[in-house]
Amino acid sequence: MYYHDRDDGEHRLERQTFDAAYVERLKDGDAATQADFTRYFGELLLFKLRARIRSPQLVEDIRQETFLRVFVTLRRGGLQSPERLGAFVLSVCNNVMFEALRAEGRASQMPENAPEPPDEREDAEAALVTEERKTTVRTVLATMPAKDRDLLSSVFLEEIDKDEVCRRYKVDRQYLRVLLHRARNRFRDALERDAARKMGA
Amino acid sequence: MTHANAMKLYAVERYLLGEMPENEQDAFEQHYFECRECADDLRAASIFLENLKQVAAEPVPAPRPEPQRDWFAWMRWAPLQPVLTGLLLVILGYQSFYRIPNLERTAAAPVAQAHVDFGVRGEGDAVRAQHGELLQIETNLTPSLWASRYHVVVRPAGGGKAVEFDIDGPPRDRLSDFKFKVPQPLGPGDYVLTLHWAPDKSESTRLRVEIQ
């Protein structure tokens, strides 16, 4: 299931299939399909690029260039395998990323201790945070033992070495993975309940 | 990477925790760009973490002080208010119009002192006082009459309501300084004052009192 917020603030539940018809609509410039495409792959590109690039501005530039090249390629000839749309988007993104990093004279992976650039938070990243989601996060945290809450906050808020955090809380890395896994599932369940409730209202 | 592998290896969590080597990272990206289910998992986890960072960075509100146990809360129970108010008025009235004036009259009353030798004079001789006076008995106790506490009964000779009170006995080495006061003025008439050895009151000595 795929949930997202519409521009008018309402929630919608939908699952579109990436098939020949979808790619055809995209190629023909169908506004709704283009909006769905950029919304879905825009987030995936953001998650991928954030895992490798620390500059939000560069992330945003690469995302925009990726979309541009994908649309140009589709309009020129489409895809031989429409069901591989995701793989195609990723390959375009990788090409754009390597070109951008080469142009900037950077290594393909930024060092872990690279200085955080000044606050350049882009809209795409900021859009992930909403008051409603923060409330849901608080609800999820409230269901967790205090130690687990503190552990998660320490790992993702304080930029301390994760092994050091695990030693401090006397847990191993697998515990941390399972903890995040459970928190993520509770969060998604809460979002789904909320979306279903809003659709029913 | 297959979907089953991704699930089994906690790929989403390891990806976000930065635990994957680059080749595995590439493989997982190849996978989640084509797998809706893993993409949704990654999306949920990423949104959770992004909002968690915001929530965790918020200033922690100062802890509210633990509420003190309010032992008197029951007194604020609304239905009890008229009862408590009435009770308070009764107590105030009793103190203001009866108890305090009586104490004031007693304190202001003249004192008639009478020296008595218990066990020597017996009931034969009477102690005399004027109506309205407080009777104060002074005595030399014999060692055989000593007790740490006495119970005193002043009963009208013709019958009626007696005045009763308790007094502490004197120290053993100061038997000659023993004195006590009848706490309220007596009306005119003859009385019998009985000094009981507390607590069993089995032994006593008596004294006649005449109020004129």
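In this text, all values refer to a predicted model and were calculated from it rather than measured experimentally. (Residues numbered from 1 in each chain as written. Chains lettered and ligands numbered in written order. Predicted model: local features only at pLDDT ≥ 70, side-chain atom pairs only at ≥ 80, totals over all residues. Heavy atoms only, no water.)

(A) Fine view of the pairing of strand E1 (residues 111–116) of chain B. Residue and element names in this part refer to chain B. Because side chains alternate across E1, one face comprises the buried residues Ala 112, Ala 114 and Val 116, and the other comprises Val 111, Gln 113 and His 115, none of which is buried. With six bridges connecting them, E1 and strand E3 (residues 134–139) associate as parallel partners. The residue bridging Gln 113 from the neighbouring strand is Gln 136, located in E3. (Buried < 20%, exposed > 50% of the residue type's maximum accessible area, 1.4 Å probe, protein only. Helix = DSSP H or I, 4+ residues; strand = E, 2+ residues; numbered from the N terminus. Pairing = 2+ DSSP bridges.)

(B) Fine view of the confidence of the model for chain A. Residue and element names in this part refer to chain A. Looking at chain A, the pLDDT average stands at 80 and 82% of residues meet or exceed 70. Of all helices and strands in chain A, the one with the weakest mean pLDDT is strand E1 (residues 2–5) (43), whereas helix H4 (residues 85–103) scores best (92). Within the model, pLDDT remains below 50 along residues 1–13, and this stretch shows 31 contacts once partners closer than five positions in the same chain are excluded. (pLDDT = per-residue confidence, 0-100. Contact = heavy atoms within 4.5 Å.)

(C) Region of interest: the state of the cysteines. A full pass over the atoms with the stated rule returns zero disulfides over all chains. Cys 38 of chain B forms no disulfide, and the closest cysteine sulfur to it belongs to Cys 35 of chain B, at a distance of 3.8 Å. (Disulfide = S-S within 2.5 Å.)

(D) Representation of unusual backbone geometry in the model. The phi dihedral of Lys 170 of chain A falls on the positive side, at around 55°, and the residue is not glycine. Mapped onto the fold, Lys 170 of chain A is located in the loop between helix H8 (162–169) and helix H9 (173–200). With a phi close to 50°, Tyr 10 of chain B is a non-glycine residue in the positive phi region. Within the fold, Tyr 10 of chain B resides in the loop between helix H1 (3–8) and helix H2 (11–16).

(E) Quick look at the pairing of strand E7 (residues 189–197) of chain B. One ladder, built from seven bridges, connects strand E4 (residues 149–156) of chain B with E7 of chain B; its direction is antiparallel. Residue pairing for E7 of chain B: Pro 156 of chain B is matched across the bridge by Tyr 191 of chain B.

(F) Representation of the side chain of Asp 148 of chain A within the structure. All names here are of chain A. With respect to the helices and strands, the residue Asp 148 is situated in helix H7 (residues 146–156). Here Asp 148 sits buried without a salt bridge, and the closest side chain of opposite charge, Lys 147, lies 5.5 Å off (N-O distance). Contact partners of Asp 148, with chain neighbours within four places excluded, come to Tyr 175 and Leu 179. (Lys, Arg positive; Asp, Glu negative; His and termini not counted. Salt bridge = Lys/Arg side-chain N within 4 Å of Asp/Glu carboxyl O.)

(G) Quick look at the confidence of the model for chain B. All names here are of chain B. Predicted confidence across chain B gives a mean pLDDT of 83, with 90% of residues reaching 70 or more. Across chain B, the element-wise mean pLDDT spans from 80 in E1 up to 93 in helix H3 (residues 22–32). Scoring of the predicted complex yields 0.56 for pTM and 0.81 for ipTM.

(H) Just the pattern of salt bridges, in detail. Enumeration according to the criterion identifies 24 salt bridges over all chains in this entry. For the salt bridge of Glu 22 of chain B with Arg 52 of chain A, the shortest nitrogen-to-oxygen distance reads 3.6 Å. Of this pair, Glu 22 of chain B sits in helix H3 while Arg 52 of chain A sits in the loop between helix H2 (31–50) and helix H3 (56–77), each in a different chain. Overlapping salt bridges, with partners in common, bring together Lys 48 and Arg 52 of chain A together with Glu 22, Asp 26 and Glu 29 of chain B in one network.

(I) Seen up close, the sheet that holds strand E6 (residues 178–181) of chain B. Residues and elements named next belong to chain B. Pairing within the open sheet is mixed, and its three strands lie in the order E1-E3-E6. Each edge of the open sheet is held by one strand with a lone partner, namely E1 and E6. Direction aside, neighbouring strands of the sheet carry axes that sit 20° apart on average. (Axes fitted to C-alpha atoms, helices over the stretch in contact; angles between N-to-C directions.)

(J) Geometry of the interface of chain A and chain B. Residue-level contacts link 53 residues of chain A with 38 residues of chain B. Roughly 4400 Å² is buried in total at the junction of chain A and chain B, and carbon and sulfur atoms are behind 59% of that figure. Scanning the region where chain A abuts chain B turns up twelve salt bridges. Residue Glu 29 of chain B pairs with Arg 52 of chain A through a salt bridge whose shortest N-O separation is 3.1 Å. Taken together, chain A and chain B are joined by 16 residue pairs in polar contact (both at pLDDT 80 or more). When residues of the side of chain A that touches chain B are assigned to their parent elements, the largest contribution, eleven residues, is made by H9 of chain A. Partitioned by chemical class, the residues of the side of chain A that touches chain B number 27 nonpolar, nine polar and 17 charged. (Buried area = accessible area lost by both parts, 1.4 Å probe. Polar contact = N/O pair within 3.5 Å; in protein donor to acceptor, adjacent residues only side chain to side chain. Nonpolar A, V, L, I, M, F, W, Y, C, P; charged D, E, K, R; others polar.)

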